[in-house]
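Survey of secondary and tertiary structure
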Amino acid sequence: MVRVTTPSIRLLPNAITVLALCAGLSSVQFALTGNYAMAIAAIGIAAVLDSLDGRIARLLDATSKMGAELDSLSDGISFGVAPALVLYVWQSHGDRIGWVASLIFAVCMILRLARFNTLLDVTDKPPYSSEFFVGVPAPAGGLVAMLPLIATLQWGEGWWSEQYVVIAWTIAVAALLISRIPTLSLKTVKVPARAIAPLLVGVGLLAAAIIQFPLVALAVALVLYLLHIPYAVYRNRWLAAHPEAWTVPPRERRAIRRARSQRRLRLRPASRRVAGAAMRAVRLPRNGSDFVRARALRDRDHSGSASGSSGNSAGATSGPNQRRRSWRRIGIRRR
């Protein structure tokens, strides 16, 4: 079946990208007027629109080279230039060090996007690489950089609102943007059928939290995103070391991980020589009286078996004076 796309429909993803660009630039205007809550909201709206334009383009089969370049330019302005200017207007007040930090953040964002575009042309990547981003993606980086401002608007002034803390935080987020640290990509996450209903309930609760406590919900989401980075690093290294799990679903990957962990914790089976030595150690008498008692019992068993074999057939079992060996008593399972 051939899908026919009209020219007006093909413009829809690009229009969404332009709207994201306008939202990002509007955050600077809100910061200049002192409305920092709307500045954060504008960057959040730009992030939502940025997540939609690519998916809509693939859904409508309207992807193009121009759309890819426009998306990168929009991300550089909305999540690189705009957050840097908002933080500079909020905290630095014309300070030169603050301006340097803002420049570092904007430059690192542009470098991160340039590297992302070059990695799209690489074809010899392992299959699991599509599940990860290299470094923190642009929308997440722009919002994470705003975390001190979000905390200040919600909880007031504190150590998180100090100028040098904000500068150090901005540079740290810039370093995460250009780092090689893997982060999870939500584009390849597949939801199982039985998890759809709980997921919809969670989405409803998240929407209610955003409506009632927008800044708190955004701050919690950003902190959780930062906390997932160690897990993403561990998962990336585990997949790199286990090629057999590259093309299997997550449930089978968990089974492979559990099987390998159990095999790693399982004790090695003892050799036959060690088992025989353990059996002799269990049977060995501990003192002289025990040795005499054990020898008397052994002699009585031999005499009883000899008399029983003269009166009974060779297949008869033990008599009243014959003591049967209890393998459970000595703690060794019979082979």
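The residue count restarts for each chain, going from 1 along the sequence in the order it is written. In keeping with the predicted nature of the model, local features appear solely for residues at pLDDT of at least 70, side-chain atom pairs appear and are counted solely at 80 or more, and the whole-chain, interface and lining totals rest on all residues. Remark: hydrogens and water are excluded; side-chain values derive from all non-hydrogen atoms of the structure.

Some thoughts on the overall build of the protein chain
Put simply, DSSP marks the helices as runs of H or I at least four residues long and the strands as runs of E at least two long, and each gets a number from the N terminus on. What the protein chain contains, in helices and strands, is 14 helices and 2 strands. For each residue, the accessible area found with a 1.4 Å probe, counting protein chains only, is set against the maximum for its type, and the residue is called buried under 20%, exposed over 50%, and partly exposed in between. Per-residue burial over the protein chain gives 30% buried out of 335 residues. In the protein chain, once contacts between residues fewer than 6 apart in sequence are set aside, the share between residues at least 24 apart is 76%. Computed by Shrake-Rupley with a 1.4 Å probe, the accessible areas treat only the displayed protein chains as cover when residues are assessed. Total accessible area on the protein chain stands at roughly 22,300 Å², and carbon and sulfur atoms take up 64% of it. What makes two residues a contact is simply this: any of their non-hydrogen atoms within 4.5 Å.

Comments concerning the nonpolar core
Residues belong to one nonpolar core when they are buried, are Ala, Val, Leu, Ile, Met, Phe, Trp, Tyr or Cys, and are joined through side-chain atoms within 4.5 Å. One finds F79, F105, M109, M146, L149 and I150 to be the most contacted residues of the largest nonpolar core, which totals 37 residues. It is helix 2 (residues 36-59) that contributes the most residues to this core, 6 residues altogether. Sequence-distant contacts of I150, defined by excluding residues within four places in its chain, comprise I40, L215, L218, A219 and L222. In terms of nonpolar packing, the next biggest core, distinct from the first, is built from 6 residues, Y128, W238, A245 and V248 among them.

Re the packing of aromatic side chains
Between rings of Phe, Tyr and Trp, where Trp is taken as its six-membered ring, a pair exists when centres lie within 6.5 Å; planes separated by under 30 degrees are stacked, by over 60 edge-to-face, and by other angles tilted. What the rule picks out here adds up to 2 aromatic pairs. Arranged with centres 5.1 Å apart and planes meeting at 65 degrees, the rings of Y88 and W99 form a pair that is edge-to-face. In this pair, Y88 is assigned in helix 3 (residues 65-92) and W99 in helix 4 (residues 96-119), connecting sequence segments 11 residues apart. The exposure class of Y88 is buried, given its relative accessible area of 19%.

A look at the UniProt feature "transmembrane region" (unreviewed entry) in the protein chain
UniProt positions are given in the numbering used here, feature names are shortened, and annotations may be inferred rather than shown by experiment. In the UniProt entry, the feature "transmembrane region" (unreviewed entry) is given for residues 12-30, 73-91, 97-120, 132-151, 163-183 and 195-227. In this annotation, residues 97-120 is assigned 96% helix and 0% strand; the end-to-end C-alpha distance for the span is 35 Å. Secondary structure content for residues 132-151 is 65% helix and 15% strand, and the end C-alpha separation is 29 Å.

Regarding the pattern of salt bridges
One speaks of a salt bridge when a side-chain nitrogen belonging to Lys or Arg is within 4 Å of a carboxyl oxygen belonging to Asp or Glu. Taken as a whole, this structure holds 2 salt bridges when the rule is applied. As a salt-bridge pair, E69 and K65 come within 3.7 Å of each other at their nearest N and O atoms. With E69 and K65 both in helix 3 and 4 residues apart, this pair spans about one turn of that helix. The salt bridge involving R235 is made with E131; its shortest N-O contact spans 3.1 Å. Taken as a pair, R235 in helix 10 (residues 229-241) and E131 in the loop between helix 4 and strand 1 (132-134) lie far apart in primary sequence, 104 residues in all. Of the two residues, R235 and E131, neither departs from the other in class, the shared state being buried.

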